[in-house]
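# Coordinate inspection notes
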Amino acid sequence: CVITGFVVCNGGEVFTGRDERRQLEALVNSSMHPTLLFFFTTTGLGMRLSVLQHTWPAAVGLFVVRLAALYFGHAVGARWGAMPHRLRSFGWMA
């Protein structure tokens, strides 16, 4: 699926003789909401909340580590990439 999307978006005209990027984008956009709704609903139904009682410290710890990694990774990349200072303070939230 990923390879097909890559080929259609980046080389569709080369392989098929026509640009199919717009059609693929429309198909993905129209099917994304129902797909995500189904996925997260079925995933949520399968969760056992009793396990969360025992693992919440690890979950919170991973959340904090990931947030810090995003912030500091962006700070380093923004400095090395000479990003304007007014954008640096918000870029890590992307």
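Summarised in this report is the structure supplied together with it.

What counts, and at which threshold
- Residues numbered from 1 in each chain as written.
- Predicted model: local features only at pLDDT ≥ 70, side-chain atom pairs only at ≥ 80, totals over all residues.
- Heavy atoms only, no water.
- Helix = DSSP H or I, 4+ residues; strand = E, 2+ residues; numbered from the N terminus.
- Areas by Shrake-Rupley, 256 points an atom, 1.4 Å probe, with all protein chains shown as cover.
- Phe/Tyr/Trp six-rings, centres within 6.5 Å; stacked < 30°, edge-to-face > 60°.
- Buried < 20%, exposed > 50% of the residue type's maximum accessible area, 1.4 Å probe, protein only.
- Patch = residues over 30% accessible without salt bridge, like charges linked within 9 Å, V, L, I, M, F, W, Y side chains within 5 Å.
- Salt bridge = Lys/Arg side-chain N within 4 Å of Asp/Glu carboxyl O.
- Expected span 1.5 Å × (residues − 1).
- Bend = angle between axes of the 7 residues up to and from the residue.
- Contact = heavy atoms within 4.5 Å.

### Observations regarding the overall build of the chain
For the chain, the helix and strand inventory stands at 4 helices and 0 strands. Secondary structure elements of the chain, listed N to C terminal, follow the sequence α-α-α-α. Summed over its atoms, the accessible surface of the chain is roughly 8400 Å², and 70% of this surface lies on carbon and sulfur atoms.

### Notes on the packing of aromatic side chains
How two aromatic rings sit relative to each other is given by the distance of their centres and the angle of their planes. Per the stated rule, a full pass over the model turns up 2 aromatic pairs. Measuring from ring centre to ring centre gives 4.9 Å for Phe39 and Phe40, while their planes differ by 75°; the resulting arrangement is edge-to-face. Relative accessible area serves as the criterion here: at 55%, Phe40 is assigned to the exposed category. Taken together, a centroid distance of 5.3 Å and an interplanar angle of 80° make the contact between Tyr71 and Phe72 edge-to-face. On the basis of relative accessibility, which here comes to 40%, the residue Tyr71 falls in the partly exposed class. Under the relative-accessibility criterion, Phe72 is labelled exposed at 53%.

### With respect to a nonpolar patch on the surface
Together, Met47, Leu49, Leu52, Trp56, Val60, Phe63, Val64, Leu67 and Leu70 make up an exposed nonpolar region whose accessible area comes to about 900 Å². Structurally, Leu67 is set in helix α3 (residues 49-80).

### Observations regarding α3
With 32 residues, α3 extends 43 Å between its outermost C-alpha atoms, agreeing within 8% with the 46 Å of an ideal straight helix rising 1.5 Å per residue. Largest kink in α3: about 70°, centred on Thr55, with the proline Pro57 one to four residues after it. Residue Ala82 follows α3 closely and has a positive phi angle near 55°.

### Topic: the environment of Met83
Its place among the elements puts Met83 in the loop between α3 and α4 (85-91). On the basis of relative accessible area, Met83 is assigned to the partly exposed category, the value being 29%. Residues contacting Met83, with those up to four places away along its chain left out, are His74, Ala78 and Arg88.

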